[in-house]
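Close look at the chain arrangement
Spelled out, the chains give:
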Amino acid sequence: MADQRHGTERPAPEQTGPDWIIPAIAAAFAVYYVISISALRWEAMISGLFVAIVLGVLLALFGLRTVLRLRDGRARVSFEGTFTGRDGLVRQALLLVYIVAFINMVSVLGFTLGVFSFLFASLLTIARLPWTRAALISGIAALTGYVLFIVALRTQFPSGPFETLLKPAVDAFRVAVGLA
Amino acid sequence: MEITLPFLGDLVATAFSYWWLILIATTIGITIGAIPGFGAQNTIIMLLPFTLAVEIDMALTFMVALYVASHMGSGIPAVLLNIPGTGGAAATTIDGYPMAKKGKAQQALVLTFVASTVGGTITATLALFLLPYLSRVAYYLHSVEMVVIMLFGIILIALIAAKDTLKGLIAGFFGLLIGAIGTDHIYSTPRGTFGFLELYDGMPLIPALIGLFAISEALVMLEKTSVLSEGGRARMLNSGWSESLEGIRMALARWWHIVWTSIIGLVIGAVPGAGASIAAFVAYQQSRLFSKTPEAYGTGHPEAVMAPEAANNGVGSGSLIPLLVIGVPGGSTAAVMLVVLTYHGVQLGPQLFTTRPELAYGVFATMLVSYLLMLFTILPLTRYLSRIVLISTTVLAPVIVVFTLVGAFAPRAYVFDMGLALVMGIIGFVARKTGYHVVAILIGIILGPILEANFMRAMRISGNDATVFFSSPVAIGLWAMLAFSLVAPFIMSRLRRGNGQDEEGRQA
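Notes on the structure follow. This one's a predicted model, so the numbers in the text were calculated from it and none came from an experiment. Residue positions are counted from 1 within each chain, in the order its sequence is given. All chains are assigned letters beginning with A, and all ligands numbers beginning with 1, in the order in which they are written. The predicted origin of the model limits local features to residues at a pLDDT of at least 70 and limits the giving and counting of side-chain atom pairs to 80 or more, whereas totals for whole chains, interfaces and linings rest on all residues. The basis for every side-chain value is the complete set of non-hydrogen atoms in the structure, without hydrogens or water.

**Let's talk about the overall build of chain B**
Helix and strand labels come from DSSP, where a helix needs a run of H or I of at least four residues and a strand needs a run of E of at least two; each type is numbered from the N terminus. Counting its secondary structure elements, chain B contains 26 helices and 2 strands. Radius of gyration here uses only the C-alpha atoms, and the compact-globule reference equals 2.2 Å multiplied by the residue count raised to the power 0.38. In summary, chain B has a C-alpha radius of gyration of 22 Å against a globular reference of 23 Å for 508 residues, a match within 12%. Counting every position in chain B, which comprises 508 residues, the buried fraction comes to 63%. Residue pairs at least 24 apart in sequence account for 79% of intrachain contacts in chain B once pairs closer than 6 positions are excluded. Under the convention used here, a 1.4 Å probe and the Shrake-Rupley method define accessible areas, while residue burial counts only the protein chains that appear. By element, 66% of the accessible surface of chain B is carried by carbon and sulfur atoms, the whole surface being about 18,100 Å². When charges are tallied, Lys and Arg are placed among the positive residues and Asp and Glu among the negative ones, while His and the ends of the chain are skipped. Note that the charge is assigned to NZ on lysines, CZ on arginines, CG on aspartates and CD on glutamates. Taken together, the 26 basic and 25 acidic charged side chains of chain B have centroids lying 9 Å from each other. Per-residue accessibility, obtained with a 1.4 Å probe over protein chains only, is compared with the maximum for each type, and a residue is labelled buried under 20%, exposed over 50%, and partly exposed between these values. Contacts: residue pairs with any heavy atoms within 4.5 Å of one another.

Set out below in structure tokens:
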């Protein structure tokens, strides 16, 4: 909101608060890093220490600037509008849950079934697609990934029942095209 | 050896005779370049059974074509999804993605392809003739100069990537500190690893890139159901081939811009270890510095899309120069190529130009042919590629996440790296939402280990005398450029403000 006093427009105060999350993480990491190197020899610690000190100075400047802005009324503490509304939050939370599940399950399911399960669950609940469409898209994506990454590029992704089942056929194909 | 026109003609004709192989390699290159985690070096490693089995000229043609195509491909997700395929395309996101959001994805893609092709073609041609001179660049840059270049890089990026310089610097130095994770270069003692053995080799770049860009962007995407603004969607739905033609016209009208920014890439690429990410940012910053409309940078400005792409592709030619001339690879892909060439019995270094000139110069002829073939195959696809942004974000986000997560796994085959990508994704998401540019964090992570290695080398050589960093004319010149880059934006904005006031005064 503009301040109309004295006939001049004054810009609305900037929002501060959320922009302290990254500095807080950076400060915590810098403290941990400095502790982790405190017993090391000079050569092992100097460059990291230099970066940590510069980071500390920058964070101090940022803190000082925030205090001055708050004092002058050019900033206000607020978390309003930084993060999304309810629908968006639910979608983001679901995606995070599926990512954690995928990371934990991929060693058991293998690449193809892991990708299929992740996409099927996501498309069903986040995109809210009908299950037939979700299954079709997930199946095509998982099979494309299998052909490109595992058959063609031979990436060492975790193997599961699907990869184990098709391994003899893939090996025979590679021998046939001279890429064994 | 003197280069004559008939010799050059022979080289290009030989490269053209492998057109079918170049088409296969460029298709693979563009595809893997567009998928974060599958860089050219990983793909060449995966395809070693092929490159080691065939004749040397065929192997070299395949590797070079794949390499240049991966540079071009990395701009595609940068423009369409705000996710660079490689670190070299990180600067392309700054203006490419805003163009896509406005419904100008097709134009932005054409700009990146034309800038990549023209920039790559010019630098490959220049490299052919300037090989002996460019190779000397590396001789003038030792650890002392490299430290200044690295600091230069991180400060430039902090100035460019964030609207708030202080936040940009905090993000950059936070990235540098993350880059300092891992064992030290002398005693191999672990630092800041949280006890994880997987971090002893340092912060792996691919999971960091994927987390900071792909996962965080997917989370941001889910706040809305479309990448496009309302006006952007309408524009996209009505767009036809005229958008591509307009993009070509815009790019060619700015041909000089492509030329000089690609030369920046060529020169920086010739410095071993400097890399495409720094070159792209230096080109972006220089482009903005000399622009008549610097305020348009960051909002979807055509020149700001072309500059990093031209430089990124210029690096492609530059990084192969030290490999061919002195046998020192200028980047990780060049290092993999070195392995293949050595296996085939090729002696790299000055003697290569007398014993196998067709091989040494043929690399750049292959680049020329690859760019030419790529342009004609990829330009018609821009209309269809750009349609990706019409897909709902609720479908796009999970697809991006799952394929980039497996990309995080690919280089080291550690499930741990997927977890790391998730952690970096959450940090990236918070950074994006609170005004800290993820590009600055990523570049800090990339430069951190290089900075430390060069810093330690310089200190050991000088007997721990810090004045060594001001001991050479080149280093002093670089410090002066660094200081100039810090103050130049303020001087230029004051000058512009002054000119604006004069203009207003005259109008009044």
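Now, onward.
**Notes on the interface of chain A and chain B**
Taken together, the contact between chain A and chain B spans 65 residues of the former and 68 residues of the latter. Accessible area, probed at 1.4 Å, shrinks when two parts are joined; the buried area is that loss added up over both. For the chain A and chain B pair, buried surface summed over both sides reaches about 5,800 Å², with 82% attributable to carbon and sulfur atoms. Sorting the residues of chain A by area buried against chain B places I22(A), F29(A) and L153(A) first, and these three jointly supply 11% of that buried surface. Salt bridge, as used here, is a side-chain nitrogen of Lys or Arg placed within 4 Å of a carboxyl oxygen of Asp or Glu. The interface formed by chain A and chain B includes 2 salt bridges.

**Notes on the packing of helix α11 (residues 165-179) of chain B against helix α25 (residues 438-461) of chain B**
Residue and element names in this part refer to chain B. Between the N-to-C directions of two axes lies an angle of 0 to 180 degrees, each axis being a line fitted to C-alpha atoms and, for a helix, fitted only over the stretch in contact. Closest axis-to-axis distance for the α11/α25 pair is 6 Å, and the angle between their directions is 45°. Our classification of the angle between α11 and α25 gives oblique. As for the relative orientation of α11 and α25, their crossing is right-handed in sense. Mapping the contact onto sequence places G168, A171, G172, F174, G175, L176, I178 and G179 in α11 and A440, I441, G444, I445, L447, G448, P449 and L451 in α25. Residues are grouped as follows: Ala, Val, Leu, Ile, Met, Phe, Trp, Tyr, Cys and Pro are nonpolar; Asp, Glu, Lys and Arg are charged; all remaining types, including Gly, are polar. Across the contact of α11 with α25, the residue classes break down as 10 nonpolar, 6 polar and no charged. The cut-offs work like this: below 35 degrees is roughly parallel, past 145 is roughly antiparallel, 65 to 115 is roughly perpendicular, and the gaps in between are oblique. The sense of a crossing depends on the near helix, which, turned anticlockwise from the far helix by less than a right angle, makes the crossing left-handed and, turned clockwise, makes it right-handed.

**Quick notes on the pattern of salt bridges**
For the coordinates displayed, the defined rule picks out 13 salt bridges over all chains. Of the charged contacts in the structure, one is a salt bridge between R65(A) and D164(B), with a shortest N-O distance of 2.5 Å. Taken as a pair, R65(A) in helix α2 (residues 42-72) and D164(B) in the loop between α10 (143-161) and α11 lie in two separate chains rather than in one. Residue D164(B) is classed as buried on the basis of its relative accessible area of 19%. With its nearest N and O atoms 3.4 Å apart, the salt bridge here joins E303(B) to R254(B). One end of the pair, E303(B), is in helix α17 (residues 302-318); the other, R254(B), is in the loop between α14 (241-253) and α15 (255-269), with 49 residues separating them in the sequence. Taken together, the salt bridges that share partners define one network made up of R71(A), D72(A) and R74(A).

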